[in-house]
Amino acid sequence: MLLIMAVPGVGLLTRLHLCAQRRTRVQRHIVRLLSCPGTVAEDLRRDEQPSGSVETGFEDKIPRKRFSEMQNERREQAQRTVLIHCPEKISENKFLKYLSQHGPINNHFFYESFGLYAVVEFCRKESVGSLQNGTQTPNMAMETAIPFRSRFLSLKLKNQTSKQSCIQSSNQLPPSNRKLFELLCYAESIDDQLNTLLKEFQLTEENTKLRYLTCSLIEDIAAAYFPDCVVRPFGSSVNTFGKLGCDLDMFLDLDETRNLSTHKTSGNFLMEFQVKNVPSERIATQKILSVIGECLDHFGPGCVGVQKILNARCPLVRFSHQASGFQCDLTTNNKIALTSSELLYIYGALDSRVRALVFGIRCWARAHSLTSSIPGAWITNFSLTMMVIFFLQRRSPPILPTLDSLKTLADAEDKCIIEGNNCTFVHDLNRIKPSGNTETLELLLKEFFEYFGNFAFNKNSINIRQGREQNKPDSSPLYIQNPFETSLNISKNVSQSQLQKFVDLAQESAWILQQEDAHRPSVSSNQPWGLAAVLLPSVPNRGSLTKKKRKRSANERVKNLLESLKSNRTANFTETNEKRTISTQT
Ligand code: GTP
Ligand code: MG
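These notes cover the structure that comes with them. Computed from a predicted structure; not experimentally measured. (Residues numbered from 1 in each chain as written. Chains lettered and ligands numbered in written order. Predicted model: local features only at pLDDT ≥ 70, side-chain atom pairs only at ≥ 80, totals over all residues. Heavy atoms only, no water.)

Here's the deal with the overall build of the protein chain
In step 1: Helix and strand content of the protein chain: 18 helices and 14 strands.
In step 2: By residue count, 54% of the 586 residues in the protein chain fall in the buried class.
In step 3: Intrachain contacts of the protein chain at a sequence separation of at least 6 include 73% that bridge at least 24 residues.
In step 4: Summed over its atoms, the accessible surface of the protein chain is roughly 27000 Å², and 51% of this surface lies on carbon and sulfur atoms. (Helix = DSSP H or I, 4+ residues; strand = E, 2+ residues; numbered from the N terminus. Buried < 20%, exposed > 50% of the residue type's maximum accessible area, 1.4 Å probe, protein only. Contact = heavy atoms within 4.5 Å. Areas by Shrake-Rupley, 256 points an atom, 1.4 Å probe, with all protein chains shown as cover.)

Observations concerning the packing of aromatic side chains
In step 1: Counted by the stated rule, this structure contains 23 aromatic pairs.
In step 2: The interplanar angle of 40° and the centroid separation of 6.3 Å between the aromatic rings of Tyr 117 and Phe 152 together place this pair among those described as tilted. Highlighted residues: Tyr 117 in strand 4 (residues 116-122) and Phe 152 in strand 5 (residues 152-157), separated in sequence by 35 residues.
In step 3: On the basis of relative accessibility, which here comes to 0%, the residue Tyr 117 falls in the buried class. (Phe/Tyr/Trp six-rings, centres within 6.5 Å; stacked < 30°, edge-to-face > 60°.)

Topic: helix 6 (residues 177-186)
Residue pairs three or four apart in sequence face the same way in an α-helix, which turns once every 3.6 residues.
In step 1: When helix 6 is considered as a whole, its buried residues turn out to be Asn 177, Leu 180, Phe 181, Leu 184 and Cys 185. Projection of helix 6 onto a plane perpendicular to its axis shows the buried side chains occupying an angular sector of 130°, all on one side. (Arc of directions from axis to C-beta.)

Looking at the coordination of the magnesium ion (ligand 2)
In step 1: Coordination of the magnesium ion (ligand 2) by the protein is provided by Asp 247 (OD) and Asp 249 (OD), with metal-donor distances spanning 2.1 Å. For the pair Asp 247 and Asp 249, a shared accessibility class is recorded, and that class is buried. (Donors = N, O, S within 2.8 Å, 3.2 Å for Na, K, Ca; no water.)

Description of helix 4 (residues 92-99)
In step 1: Along helix 4, the residues that are buried comprise Glu 92, Phe 95, Leu 96, Tyr 98 and Leu 99. Within helix 4, the buried residues cover an arc of 160° as seen down the axis, which keeps them to one side. Opposite the buried face of helix 4, by more than 90 degrees, sit the exposed residues Lys 94 and Lys 97.

Notes on the sheet that holds strand 7 (residues 248-253)
In step 1: With mixed pairing, the five strands of this open sheet are ordered in space as 6-7-10-9-8. Each edge of the sheet is formed by a strand with only one pairing partner; in this case those strands are strand 6 (230-234) and strand 8 (303-309). Along the sheet, successive strands turn relative to each other by an average axial angle of 25°, direction set aside.
In step 2: Relative to strand 7, strand 6 is paired through five bridges, and the arrangement is antiparallel. By the bridge assignment, Phe 234 is partnered in strand 7 with Asp 249.
In step 3: On the sheet, helix 10 (residues 281-299) packs against strand 7, strand 8, strand 9 (316-321) and strand 10 (326-332) and is oriented at approximately 160° with respect to strand 8. (Pairing = 2+ DSSP bridges. Axes fitted to C-alpha atoms, helices over the stretch in contact; angles between N-to-C directions.)

Pasting the structure below:
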């Protein structure tokens, strides 16, 4: 017998050892019976294909969804979804049958994160209410539960008769370094390596669903104060450049609450809400986030380690959502960051080479500690992505259009001014002409390192709006113009020594790839080559290395890596839940 209870908080449960086995035909049949008509195909497709897809050709002919369309669809899906902490011994079929009393299920998946969790999406929103109505607040022997009704539930077994069943649980983690190196070594070309890296690191469909669900759960909490609020994910969770394990940036959008009064004018009268006033927008933001932060801390199921970082340039509430495993940064009054996410989404969707190259460069930077989880003078992933976009705008013919040309394609509907900044650009992806450039990823990777290894950072700035270098307006070592707030530098924090490290590593990587052209190890030799070779850990004082020494050090690194592969130890360059920089947006 199954019993659902509201979760008062998630304890650290022993990690379960569940066997990952594909569903049997019988199970599938049951899932089919419980599913909405027309959704079975989707369920089966999900089962039979690896999550996430990588295109290896150039332009995709399928019309792409607009960012807002994609966000609205995902948000609506998330509102019909519940998160359930499940016991160790559970029969998937019985579980689904029990839940389907409340209405048909559109799809579901399980994952492990200090216990077993199920994400269950109903076909109809009413089913969630029906399930909640049949759910009780737990009775605790030693503690008192604060009664809080949410869509994060806990499943209890009334009697412990169920046998442990095999549940296929969806993976939420990037590959181990060892597995990645093996995959890269066996790839057929550098293009293949970059596409493999993308496939292994990109957010899966399930991980994306979990991100939207987490935002939706937080939205329910914020809605206690602001009933019309929307909590939207932004940053790498939605801009197509997110790696498994990246943080979850959330934006509390209060526009609906603010704008309601404008729709309700009639005749000579104008009705306004009685409100409290504060001296500035910033203080309003701080007050709102402070209260929401308290609420998450005291009542938010699974929200732990809540920190209110209200004096940052962009005030935020940071917390861990324990059940999903996401580190979350909640901001408000941050519309430009959402617009930047949309711009990156467009760039990521325009050409399949863009994401592959960005993922390669991000992994490369992480491998060499050019990026870090600690706030400081390092380059951020956001800046690296801008550098790749800029580089692709500089190709001949360009692979990506400039932001100014995306602005000229915009129509009246696309017009957007935020805080006096013109953020207009075309939103319909299908109106952007594909590039005629057919360069391979291999060439682009090499040329990226060449280009930035020799870039005149001392006098030029990077500017994706115009797609060309400009004179630096100040003496910051690295100047990347903020695409929307054009008088600002998004990499103002980067020190001269960090920039020099980037340049030295770019030069060395370009050199390694050039050497390989002449002497590429055969695939059967099982030696790190191509992308794998440039991901190897860095050696000290590389800046002063002569070419001869570079060659020697690269050979040594290859040798060391082979040894570490043998002994099951590999370089540490994955990035799992470690991004903890305070958003100091410029
Ligand atoms: P990862 O979290 O590292 O995977 O990448 P991210 O793109 O999500 O970066 P981050 O979490 O640091 O920031 C989230 C979003 O805020 C970015 O995608 C940008 O849209 C925006 N952002 C971050 N840093 C800056 C900055 O320095 N200036 C501006 N204008 N926006 C920024
Ligand atoms: Mg982020």
